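Here is what each chain is made of, one letter per residue.
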Amino acid sequence: PIMKKRISNPFVTGGYLGPEYFCDRVEETEKLLKAISSKRNITLISLRRMGKTGLLKHVKHILESGSEGNKRAVIYVDLLPGRNANDMLNSISTALLNRRNKEKNLTEKILSLLGSLRPRLSYDSLTGQPVLEVKTESASDIQFGIEHIMKYISEIRQDLVLMLDEFQQISRYPEENIEQLLRTVLQSYPSVPCIFSGSSKHMLERMFSDAARPFYQSAELLYLDTINEAVYREFIISTLMKSGIKTDDEVLSRLFRWTRLHTYYVQYVCNLLYESGSDYIDDSLLSSVFERILTSFEPLYDNYRSLLPSHQYRLLQAIAVEDNVTKLNSGDFIRKYKLTGASSVTTSVKALSEKGMIVKYRDGYILDDVFFSRWLQYHYLKGH
């Protein structure tokens, strides 16, 4: 068949391209918009790569375009790269500087606002966007910076919302009392609703549900799980149809099983299927895409074998083969995969959880990285 000229790949694997490339999350979008318009704080929790950041960007798009009657300015901050409170302050200042529909002389205003912290303006070599850096010497500097920025945010003559993504990072900062400080400042500005979000369930739950912690009960919790299978199926079929591509239900069922319906992995596989240029996606094309994925990540996954102690690696492989393990310490499981014993399994589980390689999901443990899980499974079954 002759290749038709197509738009660039509609299956987005990173960033946000607009509502037509975004699947579902209708209910969650609605909950977030309602909380924002009622000025309630909300904490969005999900596993990694479940589409949490995509959802935040989708809500940001709706608010900034005013498409559902609620126009607001959004300050979106990704806290993942930051190592300490100084980095956090830089991220918030930079996000403020780069938000859409900004007022006149914003840069000068922010520079003078943070004058005593010797702010330096540079430009990101990748995006060309301005980046603001301040140098803080003490906790009072941090407090000064955050208070001034929040005061400034609250005085902007527009409704605003602050989104702090990967919020659990702040509990890893070396500075003491950073949660307390941030909570105190944010509490003083109830007119600015906050959306906290992150991918470490236990850390975030502790931050918002432990009576001894500053953020205790300061936000309602919203959990993000997989997109409904029927809805995702419909989205994929209609997206493919727009480019004249067909597939069948069996293929999609297999795709959903293999990716566990986790958003990023579904999108990634669909992205490669679309890229193949075929007018019909059948089982053998799907198999070749699976193979291509496992081969392309092989160098990375092979590396884990040398980086991890052998008992941790064997446990990872066992969890991958089983796909979801509820009883990690059961004798059957330990014998089947020749693991050393219950106490060594317990130690390995703790270590692998801390490294973020395995996570508790529903009623058992799974590997956080679905492709790595499939790779381990493949190699185990090949050897047996």
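Our subject is the structure listed above.
Presented here is a report on the structure given in the accompanying data block. Everything numeric in this text was worked out from a predicted model, so none of it was measured. (Residues numbered from 1 in each chain as written. Predicted model: local features only at pLDDT ≥ 70, side-chain atom pairs only at ≥ 80, totals over all residues. Heavy atoms only, no water.)

## Comments concerning the overall build of the chain
Then, number 1: For the chain, the helix and strand inventory stands at 15 helices and 11 strands.
Then, number 2: Relative to the compact-globule value of 21 Å for 384 residues, the chain shows a C-alpha radius of gyration of 23 Å, a close match.
Then, number 3: Burial status across the chain gives 49% buried among its 384 residues.
Then, number 4: Here the analysis covers contacts within the chain between residues at least 6 apart in sequence; of these, 72% occur between residues at least 24 apart.
Then, number 5: Accessible surface, the chain as shown: approximately 19000 Å² in total, 52% of it carbon and sulfur.
Then, number 6: Mean positive and mean negative side-chain charge positions of the chain (50 and 46 charges, respectively) differ by 1 Å. (Helix = DSSP H or I, 4+ residues; strand = E, 2+ residues; numbered from the N terminus. Rg over C-alpha atoms; globule rule 2.2 N^0.38 Å. Buried < 20%, exposed > 50% of the residue type's maximum accessible area, 1.4 Å probe, protein only. Contact = heavy atoms within 4.5 Å. Areas by Shrake-Rupley, 256 points an atom, 1.4 Å probe, with all protein chains shown as cover. Lys, Arg positive; Asp, Glu negative; His and termini not counted. Charge placed at Lys NZ, Arg CZ, Asp CG, Glu CD.)

## What to know about the nonpolar core
Then, number 1: Within the largest apolar cluster, 57 residues are counted, with the highest numbers of intra-cluster contacts made by Y232, I236, V269, L315, L316, L328 and F333.
Then, number 2: It is helix α11 (residues 283-307) that provides the largest number of residues to this core, a total of 8 residues.
Then, number 3: Leaving out residues up to four positions away in the same chain, L328 has contacts with L315, I319, F333, I334, V345, V349 and Y365.
Then, number 4: The next biggest cluster of nonpolar side chains, apart from the first, holds 45 residues, and it includes V77, I110, L114 and F215. (Core = buried A, V, L, I, M, F, W, Y, C linked by side-chain atoms within 4.5 Å.)

## Some thoughts on the pairing of strand β2 (residues 73-78)
Then, number 1: Of all 6 residues in β2, 5 are buried, a share of seventy percent or more.
Then, number 2: Pairing of β2 with strand β5 (residues 160-165), which is carried by 6 bridges, proceeds in the parallel orientation. Bridge pairing in β5 places V77 opposite L164. (Pairing = 2+ DSSP bridges.)

## Re the packing of aromatic side chains
Pairs of aromatic rings are described using the distance from one ring centre to the other and the angle between the two planes.
Then, number 1: Evaluated as defined, the whole model comprises 27 aromatic pairs.
Then, number 2: Their ring planes at 70° and their centres at 5.4 Å tell us that Y268 and F371 sit as a pair that is edge-to-face. Taken as a pair, Y268 in helix α10 (residues 263-275) and F371 in helix α15 (residues 370-383) lie far apart in primary sequence, 103 residues in all.
Then, number 3: Here the aromatic cluster, defined as three or more aromatic residues joined through ring pairs, consists of W258, Y264, Y265, Y268, F290, F297, Y301, Y304, F371, F372 and W375. (Phe/Tyr/Trp six-rings, centres within 6.5 Å; stacked < 30°, edge-to-face > 60°.)

## A few points about the sheet that holds strand β6 (residues 194-198)
Then, number 1: Read from one edge of the open sheet, 5 strands run β2-β5-β6-β1-β7, paired in parallel fashion. Each having just a single partner strand, β2 and β7 (220-224) make up the two edges of the open sheet. Across the sheet, the axes of successive neighbouring strands diverge by a mean angle of 20°, strand direction being ignored.
Then, number 2: Pairing between strand β1 (residues 42-46) and β6: 4 bridges, direction parallel. Across the sheet, residue L44 finds its bridge partner in β6, namely S197. (Axes fitted to C-alpha atoms, helices over the stretch in contact; angles between N-to-C directions.)

## Regarding empty space enclosed by the protein
Then, number 1: Scanning all chains against the criterion turns up 2 cavities of 30 Å³ or more.
Then, number 2: Approximately 40 Å³ is the volume attributed to the largest cavity.
Then, number 3: Contributing to the lining of the largest cavity are F11, I236, L240, T247, V251, L252, C270, L273, Y274 and I281.
Then, number 4: Every element with two or more residues in the lining of the largest cavity is listed here: α8 (229-241), α9 (249-259) and α10. (1 Å grid on protein atoms, 1.4 Å probe; cavity = no way out; pocket = protein on both sides within 12 Å on 5 of 7 lines; lining within 4 Å. Points joined across faces, edges and corners; volume = space filled by probe spheres on them.)

## A closer look at the pairing of β1
Then, number 1: Counting buried positions over the 5 residues of β1 gives 5, a clear majority of the element.
Then, number 2: Along β1, one buried face is formed by I42, L44 and S46 and the opposite face, lined by T43 and I45, is buried too.
Then, number 3: Here β1 runs beside β7; their pairing, made up of 5 bridges, is parallel. The partner of I42 across the bridge, within β7, is E220.

## Considering the pattern of salt bridges
Then, number 1: Counted by the stated rule, this structure contains 26 salt bridges.
Then, number 2: R118 is the partner of E137 in a salt bridge, and the nearest nitrogen-oxygen pair spans 3.2 Å. With E137 in the loop between β4 (130-133) and α5 (139-155) and R118 in the loop between α4 (106-113) and β3 (120-123), this pair connects stretches of sequence that are 19 residues apart.
Then, number 3: With its nearest N and O atoms 2.8 Å apart, the salt bridge here joins D332 to R335. Within this pair, D332 and its partner R335 are both found in helix α13 (residues 331-336), separated by 3 residues, close to a single helical turn. Both residues of the pair, D332 and R335, count as exposed.
Then, number 4: Here the residues in one salt-bridge network are K39, R72 and D159, joined through shared partners. (Salt bridge = Lys/Arg side-chain N within 4 Å of Asp/Glu carboxyl O.)

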